Amino acid sequence: MAEQTALLHVALRGELTIATAANVRGDLLEALTTADEIEVDLAHVTEMDSAGIQIMVAAKREATARSKILRFVAHSPAVLDTLDLTDLAAYLGDPVLLQSRS
Amino acid sequence: MSSILDDALHTFIAESRELLDQMEEALLRVEQAPDDPDIVAAIFRAAHTIKGSAGLFGIDNVVAFTHVAESVLDRVRNHELRIDADLVALFLAACDHIGILIEHVAEHTEPDADTLAADAALVARLRAFLGESAAPKATAPVERAGSVELEPPAGDGADTDNWHLSLRFGADVLKNGMDPLAFIRYLTTFGKIVRIVTLVDKVPPLAAIDPEVNFLGFEISYNSTADKSTIEGAFEFVRDDANIRILPPHSRISEYLRLIERLPDEDLRVGEILLRCGTLTQVELDDALIGQAAEVEQTGAAARPIGEMLLKQKRVQPQVVEAALDKQKQIKEHKAAEGSLIRVNAEKLDEHINLIGELIIASAGASLIAQRANIPDLFEAAARLSRLVEEVRDSALTLRMVQIGATFNKFQRVVRDVSAELKKDIRLEISGADTELDKTVVEKIGDPLTHLVRNSMDHGIEAAELRLARGKPAHGTIRLNAYHDSGSIVIEVSDDGGGLNKERILAKAVERELVKPDQPLSDSEIYNLIFEAGFSTAEKVNNLSGRGVGMDVVRRNITALRGTVEIDSNEGVGTTMRVRLPLTLAIIDGFLVGVGASSFVIPLDMVVECVELSEAETAAAQGRDHLNLRGEVLPFIRLKHLFDIPEPSAVIEDGEADDDEMAAFAGSSLSGIGANGGVLTAEGAAALAADPELAFILHPVKRENVVVVQYAGHRAGLVVEQLLGEFQTVIRPLGLVFNGLQGISGFTILGNGHVALILDVPGLVRRVATDDRRRLTSHAPAVAEIA
């Protein structure tokens with residue numbers, strides 16, 4: 001469905017928490033308006049809270065509403081841990097690396 | 001985080017202590033009524049609950065020990081065993097032992113070798129009552145220390161072993177600095193999240209989202225050994241900000257149904273979620289939704305040990321289920337009781353009382369200023385204020401008042417134990433248990449009372465043969481009685497024993513050189529000798545009393561509480577020891593009097609009346625300090641001489657003004673006296689100071705007043721110059737330097753900032769009584785140097 005299949009790669013760094021949620025929202029919104037397919041790299045996310053989860057869910061919703069593709073990739077341990085705790089990995093539908101439990 | 005668990009543990013310890021008290025009380029009662037099923041049930045319940053709660057905290061030794069005790073109690077309850085004195089004694093010991101174990105928990109220490117040995121010995125004795133069949137059972141449920149296991153009661157509630165938590169966090173939690181995920185993470189510290197469904201339906205698309213508003217909710221199936229209050233405690237900080245519902249395992253289907261109903265917009269979704277969480281099965285949900293939920297008993301706080309998740313089938317001891325049920329029930333009952341009672345930290349209460357003390361002083365100051373300013377409205381406002389302050393003071397003091405009954409009841413056990421030790425049959429009778437007194441006093445009176453009771457049992461009550469020979473019933477009786485008497489509480493310890501032997505006490509006292517052989521002593525003085533240090537007439541020393549240590553400590557403790565102790569004894573009939581204590585230690589109603597430039601406060605409760613000491617009467621006394629009060633001889637003390645107060649240049653007497661007015665004038669006239677020789681008002685002061693002659697013309701006769709005080713049945717008069725009226729007094733203790741001071745029990749600060757000394761009326765009355773007896777006519781030389 002994408003006409004100009006431009007793939008935009010966005011990398012998030014540092015916290016994905018209430019402290020950064022507003023900024024991340026702005027960045028992702030901008031990315032969604034400029035590209036049709038976005039890959040959000042979470043490899044360098046060090047911390048995540050409920051606000052971060054909401055941003056992820058909202059970004060997915062926004063992408064669906066605009067008929068665009070938004071993928072979260074390279075989940076960092078902090079993200080995986082949070083997704084695991086909330087059991088949202090399946091909901092978000094992105095392939096995640098299964099975390100081995102110690 | 002761990003503080004929440006700590007809190008729960010504190011509650012457990014406090015509750016266990018209460019339960020042990022109840023158990024002990026029930027044990028003492030059951031001896032008289034061994035067939036009363038209610039009392040047996042009460043004992044059983046106490047043991048049961050302690051075990052159940054201890055299990056939840058994983059306190060193995062308490063669970064193990066209590067279980068054995070409980071098994072024996074179960075046999076009693078089932079009429080397989082009959083409760084008798086031996087069994088009661090054993091259980092009292094067991095009760096004490098549980099207490100020791102609990103104290104170890106409270107102090108975070110491990111029981112020492114002695115305790116463990118006592119444990120083993122008691123368990124062996126208890127096992128003896130269990131017989132063969134019960135023996136293996138005794139250890140079975142405690143193998144898995146601390147865990148209470150529940151089996152889904154067949155056909156009852158939901159078929160799950162897991163808690164169901166339904167969490168809807170408010171929109172503002174994030175803004176308030178709380179992260180819902182943190183709470184869920186915390187849950188994993190004492191349990192395992194079996195399934196979690198994060199509700200993201202409400203999260204809007206990115207364009208519409210306010211990233212600082214929370215949209216999340218969670219449905220969690222949770223497996224934990226913690227009890228409901230612990231789980232609830234995890235959400236303590238968001239309680240106002242979130243909608244938290246916690247359903248225990250095996251809750252009735254209808255409970256889940258209600259959960260679904262309470263979230264109407266999510267009706268089907270919640271049902272579905274419960275399914276997904278595995279909380280309910282499809283069948284259960286269907287049943288629930290068609291409203292066919294069976295009305296069954298809700299089961300209690302269930303728990304399974306972590307790590308045994310996969311074991312679906314549980315073998316469960318029925319009594320463990322009962323314990324869990326009891327626990328649940330207890331939590332409910334507790335909730336009901338909490339509605340009408342709150343526990344308050346005693347320190348907070350003390351602080352409150354202190355503040356009220358300051359308030360009283362401040363209010364007195366305000367009244368004084370209002371009086372000086374001479375603005376009627378202001379005066380009225382100040383009067384209203386002081387009335388309210390007075391009410392606040394009274395209500396604050398009643399907060400601290402507790403009934404003495406609880407203290408008295410402890411003596412049931414003391415009397416029982418001691419009589420067993422002495423091999424005397426002694427009963428305890430209690431009256432006046434509802435008499436109230438200050439909490440601090442109650443706490444401190446326990447030890448002295450124990451001494452008195454033990455002393456009476458040991459020395460007072462005779463051996464049974466002697467009692468029979470004297471025509472008394474074979475069993476002795478100790479009576480504890482309490483009542484209020486003119487601002488004091490009186491606690492009596494009486495026995496129907498042999499009474500005190502005056503000759504023997506006197507002989508012993510002479511031998512110890514406490515008194516001179518030819519010293520004339522009244523009966524009560526002789527009796528009071530037993531409170532001297534190192535005094536004991538008991539021929540043989542035992543471990544109860546007789547070493548002569550104790551009675552002097554008793555008197556010292558009681559004196560420290562501003563109380564007194566006196567003895568009434570009738571040889572061959574019995575002895576009554578009467579402890580008299582002030583009702584409260586902090587604030588009293590005082591009567592302010594002035595002597596020269598000094599002012600004194602007399603506790604109002606002890607004031608009987610005020611009379612004028614006319615010159616005619618002074619003359620009639622012929623130098624002796626006695627006056628004729630309506631035909632009775634009243635000894636009196638001149639405070640001026642007692643405290644060696646210098647004669648001011650002119651003293652104006654204002655005793656005829658009415659009380660309220662006087663109270664208001666108190667400060668001003670006193671300061672007036674201090675500054676310029678004594679006057680009523682500032683204007684008058686100036687006028688009179690300028691013209692001493694005028695003062696003399698206005699008050700040609702210097703009159704004295706006698707304040708008649710009464711304490712412990714004795715009356716005495718205190719001669720003062722001014723009667724300044726009623727005055728609320730916050731007692732400030734005198735510093736250590738003034739410890740030896742006689743006649744003064746403390747001081748207080750007047751509204752104008754001046755210091756007034758509080759008279760030690762008991763001391764003064766005692767002094768008058770002594771002087772009186774010795775026909776002493778000189779003026780109290782011993783304390784003349786005080787002032």
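Only a predicted model underlies this, so the values are computations on that prediction, with no experimental measurement involved. (Residues numbered from 1 in each chain as written. Chains lettered and ligands numbered in written order. Predicted model: local features only at pLDDT ≥ 70, side-chain atom pairs only at ≥ 80, totals over all residues. Heavy atoms only, no water.)

1. Digging into the nonpolar core
Of all hydrophobic cores here, the largest spans 62 residues; its most connected members are Leu165(B), Ile220(B), Ile231(B) and Phe235(B). Broken down by element, this core gets its largest block of residues, 8 residues, from helix H2 (residues 50–65) of chain A. Grouped together as the second largest cluster of nonpolar side chains are 44 residues, Ala46(B), Ile59(B), Val72(B) and Leu101(B) included. (Core = buried A, V, L, I, M, F, W, Y, C linked by side-chain atoms within 4.5 Å. Buried < 20%, exposed > 50% of the residue type's maximum accessible area, 1.4 Å probe, protein only. Helix = DSSP H or I, 4+ residues; strand = E, 2+ residues; numbered from the N terminus.)

2. A word on helix H18 (residues 502–511) of chain B
All names here are of chain B. By the burial criterion, the buried members of H18 are Ile505, Lys508 and Ala509. All buried residues of H18 project into a common sector of 100° when viewed along the axis, lining one side. Turned more than 90 degrees off the buried face of H18, the exposed positions are Glu503 and Glu511. Where H18 is buried, its residues contact helix H19 (523–528). A distance of 3.1 Å separates the backbone nitrogen of glutamate 503 from a side-chain oxygen at the start of H18, and that oxygen is part of asparagine 501. (Arc of directions from axis to C-beta. Contact = heavy atoms within 4.5 Å. Polar contact = N/O pair within 3.5 Å; in protein donor to acceptor, adjacent residues only side chain to side chain.)

3. Overview of the interface of chain B and chain A
Between chain B and chain A, the contact holds 27 residues from the first and 26 residues from the second. Contact between chain B and chain A buries roughly 2200 Å² in total, counting both sides, with carbon and sulfur atoms accounting for 64%. At the boundary of chain B with chain A, the tally comes to 1 salt bridge. Among the ionic pairs, Arg185(B) bridges to Asp81(A), the shortest N-O distance being 3.1 Å. Inspection of the region where chain B meets chain A yields 16 residue pairs in polar contact (both at pLDDT 80 or more). Elements represented by at least two residues in the side of chain B that touches chain A include exactly helix H7 (180–187) and strand S2 (191–199) of chain B. Looking at the side of chain B that touches chain A element by element, the count peaks at 4 residues for H7(B). Along the lines of polarity and charge, the residues of the side of chain B that touches chain A split into 18 nonpolar, 3 polar and 6 charged. (Buried area = accessible area lost by both parts, 1.4 Å probe. Salt bridge = Lys/Arg side-chain N within 4 Å of Asp/Glu carboxyl O. Nonpolar A, V, L, I, M, F, W, Y, C, P; charged D, E, K, R; others polar.)

4. Regarding the pattern of salt bridges
All names here are of chain B. Taken as a whole and judged by the stated rule, the model has 26 salt bridges over all chains. Arginine 470 serves as the salt-bridge partner of glutamate 462, at 2.7 Å between the closest nitrogen and oxygen. The partly exposed category is assigned to arginine 470, whose relative accessible area is 41%. In this structure, arginine 467 and aspartate 496 form a salt bridge, with 2.8 Å as the shortest nitrogen-oxygen distance. Here aspartate 496 lies in the loop between strand S9 (488–495) and H18 and arginine 467 lies in helix H17 (residues 464–469), a separation of 29 residues in the sequence. The network of salt bridges with shared partners includes Glu24, Asp96, Arg413, Arg416 and Asp417.

Purely geometric stuff here, so don't read any function into it on its own.
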